[in-house]
Amino acid sequence: MVNEKETSKGIGVFMVTVITLIAVYIGLQFGIPWLAVLAGLSQTPAPLPGFALGIYMACALAGTLFYMSSEEERWRSFLSPIIGLFDVSSSGPGRTQLLVLILIPLTVGWAAWRILIPGSQTPTVIRVQHPGLPEKFAEIDNPYAGVSKEEREVLEREGVVLFQKNCRPCHGTMADGEGPLARGQRLRPVDFTDPGTIATVVESYPFWRISEGAAGLPSIATPWNSAMPSWSEELNDEDIWRIVMAAYRLSGTEPRLPEKLEP
Ligand code: HEC
């Protein structure tokens, strides 16, 4: 049987903990977002991301529990209302016990209802990975198309060096889209070893994509979420052609042959 006096003192300690946690929650949820407005850093409140709120709340909970348990007597008073909850007297359950008994099924029911109600979702944007090749680029042919096997070998090797220097961070050493920077990107760098990528297009297609990057894409290809840089200012056309040949070589694929109309 828990001592009556100890329980009432315990409720005080327990309530202080609950109120502290609620105050921390209100501070994080509403205080911090508005702080940015008050400090003149933002014109609208900047909400705290859910996972950060979770981490801070877990820290606040751990902190208060550490404080409460750091002293024997305080810890006992803190626990007494919790223990008292299970201690039903002979005259039947008390008011708090009844309240908890009613609250448990209500909370479970509410949570189940929240999960089951249909929600709204942001519409999916259908992205076209291979929009039509701009006419300007459709007319360009690989200037190295007619070179000997040995010359091609040298050009491809030079292209591999340029590829590793400029493209590897995203597209990966083996052009498989697994570069060290790839993981952080929502729209993944293209895996050239996948037969559905550069193997399905003619050579001037990657030439266009490398020259103009995301900025050159039409809106159906959602250029705004692609991190693909445009290289026409950093690399000259000859280097880009070398890289195109290297990309096919590294990925073990062949470009599609252009369909030339008979005159
Ligand atoms: C900062 C990361 C990044 C770098 C660096 C980068 N790319 Fe990309 N690249 C991407 C992303 C992301 C995509 C996919 C979105 C898109 O198509 O724009 C992409 C797409 C492409 C495509 C289109 C392939 C297809 O089948 O549609 C080609 C070709 C390409 N990159 C070649 C290169 C080459 C060659 C280099 C180096 C000169 C390079 N990229 C450097 C991120 C990068």
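Note that the structure is a prediction, hence the values are computed from the model and not measured.

1. Focus: the overall build of the chain
Assigned secondary structure in the chain consists of nine helices and zero strands. Mapped in sequence order, the helices and strands of the chain form the string α-α-α-α-α-α-α-α-α. Taken against the 2.2 N^0.38 rule, which gives 18 Å for 263 residues, the C-alpha radius of gyration of the chain at 32 Å runs more than 25% over that of a compact globule. Its C-alpha atoms put the chain at 105 × 40 × 40 Å along the principal axes. Counting all 263 residues of the chain, 15% fall into the buried class. The contacts in the chain between residues at least 6 apart in sequence include a share of 60% that link residues at least 24 apart.

2. What about the domain arrangement of the chain?
Assigned domains within the chain: domain 1 (4-85), domain 2 (90-116) and domain 3 (135-251). Inter-centroid distance (C-alpha atoms) of domain 1 to domain 2 is 23 Å.

3. Description of helix α8 (residues 204-212)
Residues that lie three or four places apart on an α-helix share one face, since the helix turns once every 3.6 residues. Of all the positions in α8, only Ser-204, Pro-206, Phe-207, Trp-208, Arg-209 and Ile-210 are classed as buried. Buried residues along α8 sit in contact with α5 (135-138) and α9 (237-251). Gly-213 sits one or two residues past α8 and shows a positive phi near 60 degrees.

4. Comments concerning the site of the ligand
Around the ligand, 25 residues are found, and the nearest of them are Cys-167, Cys-170, Pro-206, Ser-226 and Met-228. Of all elements in the fold, only α7 (168-171), α8 and α9 reach the threshold of two or more residues within the shell around the ligand. Per-class residue counts for the shell around the ligand are 17 nonpolar, seven polar and one charged.

5. A word on the nonpolar core
Ranked by size, the top nonpolar core spans 19 residues in total, and within it Phe-163, Ile-243, Val-244, Ala-246 and Ala-247 carry the most contacts. Looking at this core, the elements that each hand over two or more residues are α6 (149-166), α8 and α9. Per-element accounting of this core gives the leading share, eight residues, to α9. Not counting residues up to four positions away in its chain, the partners in contact with Phe-163 are Arg-168, Ile-243, Ala-246, Ala-247 and Leu-250.

6. Looking at unusual backbone geometry
When glycine is set aside, most residues are seen to have a negative phi, and most peptide bonds are trans. Phi angles above zero are rare outside glycine, and Ala-175 is one such case at about 60 degrees. Examined against the element boundaries, Ala-175 turns out to sit in the loop between α7 and α8. One non-glycine residue, Thr-222, adopts positive backbone phi at about 40 degrees. Within the secondary structure layout, Thr-222 lies in the loop between α8 and α9.

7. With respect to the packing of α6 against α9
Running from N to C, α6 and α9 point in directions that differ by 90 degrees, and their axes come no closer than 7 Å. Between α6 and α9, the angle falls in the class roughly perpendicular. Along its contact with α6, which presents Leu-155, Glu-156, Glu-158, Gly-159, Val-160, Leu-162 and Phe-163, the element α9 presents Asp-239, Arg-242, Ile-243, Met-245, Ala-246, Ala-247, Arg-249 and Leu-250. Residue classes in the contact of α6 with α9 are distributed as nine nonpolar, one polar and five charged.

8. Details of the environment of Gly-177
Of note, Gly-177 is situated in the loop between α7 and α8. In sequence terms Gly-177 and Arg-114 are 63 residues apart; their C-alpha atoms lie 39 Å from each other. Not counting the four nearest positions on each side in its chain, Gly-177 is found in contact with His-171, Gly-172, Ala-182, Arg-188, Pro-189, Val-190 and Asp-191.

9. Brief notes about the environment of Arg-186
When you line up the elements, Arg-186 lands in the loop between α7 and α8. Under the C-beta neighbour-count criterion, Arg-186 is labelled exposed, with 7 such atoms within 10 Å. Along the primary structure Arg-186 and Ser-80 are separated by 106 residues, whereas in three dimensions their C-alpha atoms are 50 Å apart.

10. Observations concerning the packing of α8 against α9
The contact between α8 and α9 brings their axes to 10 Å, and the two run at 125 degrees. The angle between the axes of α8 and α9 places the two elements in the oblique class. Relative to α9, the crossing made by α8 is right-handed. Mapping the contact onto sequence places Pro-206, Phe-207, Ile-210 and Ser-211 in α8 and Ile-240, Trp-241, Ile-243, Val-244 and Ala-247 in α9.

Parameters and conventions
- Residues numbered from 1 in each chain as written.
- Predicted model: local features only at pLDDT ≥ 70, side-chain atom pairs only at ≥ 80, totals over all residues.
- Helix = DSSP H or I, 4+ residues; strand = E, 2+ residues; numbered from the N terminus.
- Rg over C-alpha atoms; globule rule 2.2 N^0.38 Å.
- Buried ≥ 20, exposed ≤ 12 C-beta atoms within 10 Å, placed from the backbone.
- Contact = placed C-beta atoms within 7 Å.
- Domains from an automatic or database assignment.
- Near = placed C-beta within 6 Å.
- Nonpolar A, V, L, I, M, F, W, Y, C, P; charged D, E, K, R; others polar.
- Core = buried A, V, L, I, M, F, W, Y, C linked by C-beta atoms within 7 Å.
- Axes fitted to C-alpha atoms, helices over the stretch in contact; angles between N-to-C directions.
- Parallel < 35°, antiparallel > 145°, perpendicular 65-115°, else oblique.
- Left-handed = near helix turned anticlockwise from the far one by under 90°.

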